[in-house]
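# Results of the structural survey
In case you want the letters, here they are:
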2 protein chains.
Amino acid sequence: MGTLLTHATLATMEDGYGLRPDAALAMEMGKIVWIGATDAIPAAYAGYDSLHCEGRLVTPGLIDCHSHVVFAGDRAQEFEARLNGARYEDIARAGGGILSTVRATRAASEADLLAQSLPRVDMMAASGTTTVEIKSGYGLDIASEITMLRAARRIPGLRRMNVVTTHLAAHAIPPEYQGRADDYVDQVAIPSLHAAHSDGLIDAVDAFCETIAFTPAQVDRLFTAARHLDLPVKLHAEQLTNSEGAALAARHGALSADHLEHLSETGIAAMARSQTIAVILPGAYYTLRDTIPPPIARLRDAGIKMAIATDCNPGSSPMTSLPLAMNMACTLFRITPLEALLGTTIHAASALGLTDRGTLTIGKRSDICIWDANHPAELSYRIGATPLRHRIIGGVFDT
Amino acid sequence: MGTLLTHATLATMEDGYGLRPDAALAMEMGKIVWIGATDAIPAAYAGYDSLHCEGRLVTPGLIDCHSHVVFAGDRAQEFEARLNGARYEDIARAGGGILSTVRATRAASEADLLAQSLPRVDMMAASGTTTVEIKSGYGLDIASEITMLRAARRIPGLRRMNVVTTHLAAHAIPPEYQGRADDYVDQVAIPSLHAAHSDGLIDAVDAFCETIAFTPAQVDRLFTAARHLDLPVKLHAEQLTNSEGAALAARHGALSADHLEHLSETGIAAMARSQTIAVILPGAYYTLRDTIPPPIARLRDAGIKMAIATDCNPGSSPMTSLPLAMNMACTLFRITPLEALLGTTIHAASALGLTDRGTLTIGKRSDICIWDANHPAELSYRIGATPLRHRIIGGVFDT
């Protein structure tokens, strides 16, 4: 026996919004098994549990394809200190910035990390997220990176949320390796990658390619190791400066290149060739008061698919809501509401290498959101309000 | 019998945050009756219903002192059309913009208006708002303005939310008065003010002083009528251009001048003298992609108190969350987290002329929020996440 949604306005996200008014959808055993008109429901589904959607918008469950939601501590007081006039150097000297999160994360047990991260996962769920990618990258030593990944992998056992995990030991250079980034890659990033992989803890490998982080040559070394393990790669690329990271990622067949504010024409051409997804992260742009947006029109013209994510992290994007990220992508970057919803459904699935979700299609997972809305543009139009009525994962409604 | 909160981190908002760790608060008959240390609770309160706050942050209920939350229709498809390249003139020619909201609001019954507005009020409540100011201004004829105000006044009977209403017939010039703004003021704005006042429907009078709306002379005429009725005034001033509206409002002893992106030194001096509150509305600045922020440092230096509000409206600020407005005020305008919380508690109360709420003080209303947070800076630090644990109005918990 399954469940039937009737009198819905489906946005299937096949071929644009793929709007189907007065539609019905049947699900069974965690998958969508039938879609059609409400007045043409086959007799086979007559006995299914049925929900009358009263014309409400029904979309695929939202997919957050770039997050750092597992971490310990917060940076609220640093946020406050900066607004009270503290200079960046003062904060750094006082142990602030990313290293304060690294310190708190290293000090946390797996149980602590989970306890601190679950409220954020709950807020993501309340905004319609059904699948979230979670990166390591605040441990920066082998054991702590593994602890972060184990904590992330335990979430689906504790919360109704699908989780995909990404190894990101090459996120920052910890104090004990200052000035020795190559040693860090050889002694921590690559060994922790092997350890995490052999424990079955990761789905992909990411790095931060930037003047303040890792060079293209270092990233190339890490990505080569990843490919020997048959792991897909993705990259934090061209956020603050252009180091042709996107082109490097594309050469490795990357699933995605993320941020991209300073993406070059070379990078665009390389991404187009490799069908690498552009992951757009307006929360960090907003928080950092950046003024150079990613080249959206050029990405669009080049036929590069765009995904939108929260980048949920304690420093540059303490945000959990995908609809808010969609609104910011529209308002700050002039992405259209259609691109924004494609970017949190089917293109976000592609950015994670997942082909079993992201559209309302027979055979796909029954991860679904029902909204107190009539048209999909409403999800981007509101600033951070989330008119979520029901959230369904694998055919099961949240209570 | 009353209720007791124990083991709380109180932010009383008296003299800054007024933080009191390990504190307790007793409430009775809708008021705060005692505040002190958890280990010094008088025996008189021993039998009260008691909630152990486990160190959580407890603040006054949030006050949204500028909203247009009652309206019909939405503008999501206009938002989408604009992002798809439609020019402003095309949208206006197709009947879009504020006049589409006027058309939908005029066509709605009081019951329709309420039904469409209550979900937004619910979202405000879910973000911690306990008092909201609601303006008319989408009717623009006498009967429709009255209907909007009646709908707003019915909300507290249907939802646990305190409502203050403001007459804003001088919001825009309707099509039938194009080119005849003076006639509109004489034939609609002032007569609807008298009608609303004699029906007991308004607490204050507002207007939009701007090149595209009403001149200072027209506003002065309306404000003079308001003062004859002993009604306080406030003004949408200096949002798009400087017309010295703030100084005009100050001369009328206005409660607040709102927006203020183009506020002049003359306006600052006048507001300082009259103790007019500056209401800062980052949602509209963000949505309109404005680049000139209000002169926050000058306001601060002049000792002008600042409030922060959502400006919830279907065109320039479809936002319901005060914590999101606080985050935007910090990020976009460099307001501090302390100023942001003062601006949604005690200073927002002042902007509404209310002295019975806005701090945790003996004798004040027991409108209170309990947050899953440890420090008040967290409320501004997160981008639109609302860690609201409990909301209390007049001593009664939301269920």
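Residues numbered from 1 in each chain as written. Chains lettered and ligands numbered in written order. Predicted model: local features only at pLDDT ≥ 70, side-chain atom pairs only at ≥ 80, totals over all residues. Heavy atoms only, no water.

## Some thoughts on the overall build of chain A
Applied cut-off: Each helix is a run of DSSP H or I of at least 4 residues and each strand a run of E of at least 2, with the numbering of both proceeding from the N terminus. It is over C-alpha atoms that the radius of gyration is taken, and the globule rule equals 2.2 Å times the number of residues to the power 0.38. Relative accessibility thresholds used throughout: buried, under 20% of the residue-type maximum; exposed, over 50%; partly exposed, between the two (1.4 Å probe, protein chains only). Charge counting follows a simple rule: Lys and Arg are positive, Asp and Glu are negative, and His as well as the terminal groups are ignored. The location of each charge is read from NZ of Lys, CZ of Arg, CG of Asp or CD of Glu.
Check the secondary structure of chain A and you find 15 helices and 16 strands. Against the 2.2 N^0.38 benchmark of 21 Å for 399 residues, chain A shows a C-alpha radius of gyration of 21 Å, consistent with a compact globule. Projected onto its principal axes, the C-alpha coordinates of chain A cover approximately 70 × 50 × 45 Å. Taking all 399 residues of chain A together, 63% fall into the buried category. In chain A, the 33 positive side-chain charges and the 43 negative ones have mean positions that sit 1 Å from each other.

## Thoughts on the packing of helix H5 (residues 142-158) of chain A against helix H6 (residues 181-198) of chain A
All names here are of chain A. The cut-off we apply is this: Every angle, taken between N-to-C directions, lies between 0 and 180 degrees, and every axis is a line fitted to C-alpha atoms, over only the stretch in contact when it is a helix. Comment on the angle field: the value is read as roughly parallel under 35 degrees, roughly antiparallel over 145, roughly perpendicular from 65 to 115, and oblique elsewhere. Handedness of a crossing follows from how the near helix is turned relative to the far one, being left-handed for an anticlockwise turn of less than a right angle and right-handed for a clockwise one. Any pair of residues with heavy atoms lying within 4.5 Å of one another is described as a contacting pair. When residue character is reported, Ala, Val, Leu, Ile, Met, Phe, Trp, Tyr, Cys and Pro are called nonpolar, Asp, Glu, Lys and Arg charged, and the others, Gly included, polar.
It is the contact of H5 with H6, at a shortest axis distance of 9 Å, that shows an interaxial angle of 40°. When the axes of H5 and H6 are compared, the pair comes out oblique. In terms of crossing hand, the pair formed by H5 and H6 is right-handed. Note on element contacts: H6 touches H5 through Gln-187, Val-188, Pro-191, Ser-192, Ala-195 and Ala-196, opposite Ile-142, Ile-146 and Leu-149. Grouping the constituent residues of the contact of H5 with H6 by class yields 7 nonpolar, 2 polar and no charged.

## Focus: the interface of chain B and chain A
Here is the rule we go by: When two components associate, each loses some accessible surface as probed by a 1.4 Å sphere; the sum of these losses over both components is called the buried area. One speaks of a salt bridge when a side-chain nitrogen belonging to Lys or Arg is within 4 Å of a carboxyl oxygen belonging to Asp or Glu. Pairing of N or O atoms within 3.5 Å defines a polar contact, subject to two protein rules: one partner must be a possible hydrogen donor and the other a possible acceptor, and residues neighboring in sequence count only if both atoms are side-chain atoms.
Tallying the contact residues gives 40 residues for chain B and 40 residues for chain A. In total, about 3,600 Å² of surface goes out of reach between chain B and chain A, with carbon and sulfur atoms giving 65% of it. When residues of chain B are sorted by the area they lose upon contact with chain A, Tyr-286, Tyr-381 and Ile-383 of chain B head the list and together hold 24% of the total. Put simply, chain B and chain A have 0 salt bridges between them. At the boundary of chain B with chain A, the tally comes to 14 residue pairs in polar contact (both at pLDDT 80 or more).

## Things to note about the sheet that holds strand S11 (residues 256-259) of chain B
Residue and element names in this part refer to chain B. The condition that has to hold: Pairing between strands requires that DSSP locate at least two bridges from one strand to the other.
A sheet is described by the order of its strands in space; here 8 strands give the open sequence S6-S7-S8-S9-S10-S11-S12-S13, paired in parallel fashion. Two strands lie at the open edges of the sheet, namely strand S6 (62-64) and strand S13 (306-308), each paired on one side alone. The average undirected angle you get between the axes of adjacent strands in this sheet is 25°. Examined bridge by bridge, strand S12 (residues 277-280) and S13 share 3 bridges and lie parallel to one another. The residue of S13 that forms the bridge with Ile-280 is Ile-308. Here helix H6 (residues 181-198) sits on the sheet and contacts strand S8 (162-170) and strand S9 (204-209); the angle it forms with S8, its principal contact strand, is near 155°. Against the sheet, helix H7 (residues 216-228) engages S8, S9 and strand S10 (234-237), with an angle of about 175° to S9.

## Digging into the packing of aromatic side chains
What counts is decided by this rule: Two rings belonging to Phe, Tyr or Trp (six-membered ring only in the last case) form a pair when the distance between their centres is within 6.5 Å. Interplanar angles under 30 degrees mark stacking, angles over 60 mark edge-to-face geometry, and anything in between is tilted. Here, a charge over a ring means that NZ of Lys or CZ of Arg falls within 6 Å of the ring centre while also lying within 35 degrees of the ring normal.
Tallying each qualifying case throughout the model produces 14 aromatic pairs over all chains. Arranged with centres 5.2 Å apart and planes meeting at 70°, the rings of Tyr-45 of chain A and Tyr-48 of chain A form a pair that is edge-to-face. Residues Tyr-45 of chain A and Tyr-48 of chain A agree in their burial class; the two are buried. Among the aromatic residues, ring-to-ring pairing joins Trp-34, Tyr-45 and Tyr-48 of chain A into one connected group. Positioned above the aromatic ring of Phe-71 of chain B, the side-chain terminus of Arg-120 of chain B is 3.5 Å from the ring centre.

## Overview of H7 of chain B
All names here are of chain B. Keep this limit in mind: Multiply 1.5 Å by the residue count of a helix minus one, and that product is the helix's expected span. Arc, as used here, means the arc of the directions from the helix axis to the C-beta atoms.
With 13 residues, H7 should reach 18 Å at 1.5 Å per residue; the first-to-last C-alpha distance of 18 Å fits that figure. When H7 is considered as a whole, its buried residues turn out to be Gln-218, Val-219, Leu-222, Phe-223, Ala-225 and Ala-226. Mapping the buried residues of H7 onto a view down its axis gives an arc of 155°, with all of them on the same face. Of the residues in H7, the exposed ones pointing more than 90 degrees away from the buried face are Ala-217 and His-228. In the stretch just after H7, Asp-230 is the one whose phi turns positive, near 60°.

## Focus on the packing of H6 of chain A against helix H7 (residues 216-228) of chain A
Residues and elements named next belong to chain A. At their nearest, the axes of H6 and H7 sit 10 Å apart, and the two run at 20° to each other. The orientation of H6 relative to H7 falls into the category roughly parallel. Here H6 runs over H7; the crossing is right-handed. Contacts between H6 and H7 involve Ala-181, Asp-182, Val-185, Asp-186, Ala-189, Ile-190 and Leu-193 on the former and, on the latter, Gln-218, Arg-221, Leu-222, Ala-225 and Ala-226. Its residues placed into classes, the contact of H6 with H7 shows 8 nonpolar, 1 polar and 3 charged.

## So, the domain arrangement of chain A
All names here are of chain A. The cut-off we apply is this: Each domain's extent is set by a domain assignment, obtained either automatically or from a database.
If you check the domain split of chain A, you get domain 1 (3-60 + 359-397) and domain 2 (62-351). Computed from C-alpha atoms alone, the centre-to-centre distance between domain 1 and domain 2 is 30 Å. Counting the surface lost from both domain 1 and domain 2, the interface buries some 1,900 Å², and carbon and sulfur atoms represent 61% of this. The largest contributions to the domain 1 side of the interface with domain 2 come from Met-13, Ser-380 and Arg-391, which together make up 30% of the buried area. Taken together, the connections running from domain 1 to domain 2 amount to 0 salt bridges. Scanning the region where domain 1 abuts domain 2 turns up 10 residue pairs in polar contact (both at pLDDT 80 or more). At the level of elements, strand S5 (57-60), strand S14 (368-371), helix H15 (377-381), strand S15 (388-393) and strand S16 (396-397) are the ones that each hand at least two residues to the side of domain 1 that touches domain 2.

## Things to note about the side chain of Thr-105 of chain B
All names here are of chain B. Structurally, the position occupied by Thr-105 is in helix H3 (residues 98-107). A distance of 2.7 Å separates a polar atom in the side chain of Thr-105 from the backbone oxygen of Thr-101. In this structure Thr-105 touches Phe-71, Ala-72, Leu-113, Tyr-138, Gly-139 and Met-148, once residues within four positions along its chain are discounted.

## Here's the deal with the sheet that holds strand S6 (residues 62-64) of chain A
Residues and elements named next belong to chain A. Pairing is parallel in the open sheet, where 8 strands are placed in the order S6-S7-S8-S9-S10-S11-S12-S13. For this open sheet the edge positions go to S6 and strand S13 (306-308), each flanked by a neighbour on one side alone. Geometrically, the sheet is characterised by an average inter-axis angle of 25° between neighbouring strands, direction not taken into account. Where strand S11 (residues 256-259) and strand S12 (residues 277-280) come together, 3 bridges link them in parallel fashion. Residue Ala-257 lies in a different strand from S12, and its bridge partner there is Ala-278. Each of strand S7 (129-135) and strand S8 (162-170) is contacted by H5, which is oriented at about 170° to S8, the strand it contacts most.

## Some remarks on the pairing of strand S3 (residues 31-37) of chain B
The two faces of a sheet get side chains in turn, since along a regular strand they alternate between them. All names here are of chain B. Where strand S2 (residues 19-28) and S3 come together, 6 bridges link them in antiparallel fashion. Bridging across to S3, Met-27 finds its partner in Ile-32. Counting the residues in the hairpin turn of S2 and S3 gives 2 residues, including Met-29, whose phi is positive at 50°.

## Side note on the relation of the copies chain B and chain A
Operational definition: Copies overlap after least-squares fitting; the atoms used are the C-alpha atoms of residues with pLDDT of at least 70 in both.
Mapping chain B onto chain A is achieved by rotating through 180° and translating by 0.0 Å along the same axis, at an RMSD of 0.0 Å. The transformation just described matches what one would write down for a two-fold rotation axis. It is Gly-384 of chain B whose C-alpha, among those of chain B, lies nearest the rotation axis, at 3.2 Å. Looking at the interface residues of chain B, 100% of them are also at the interface in chain A, so both copies use one shared face.

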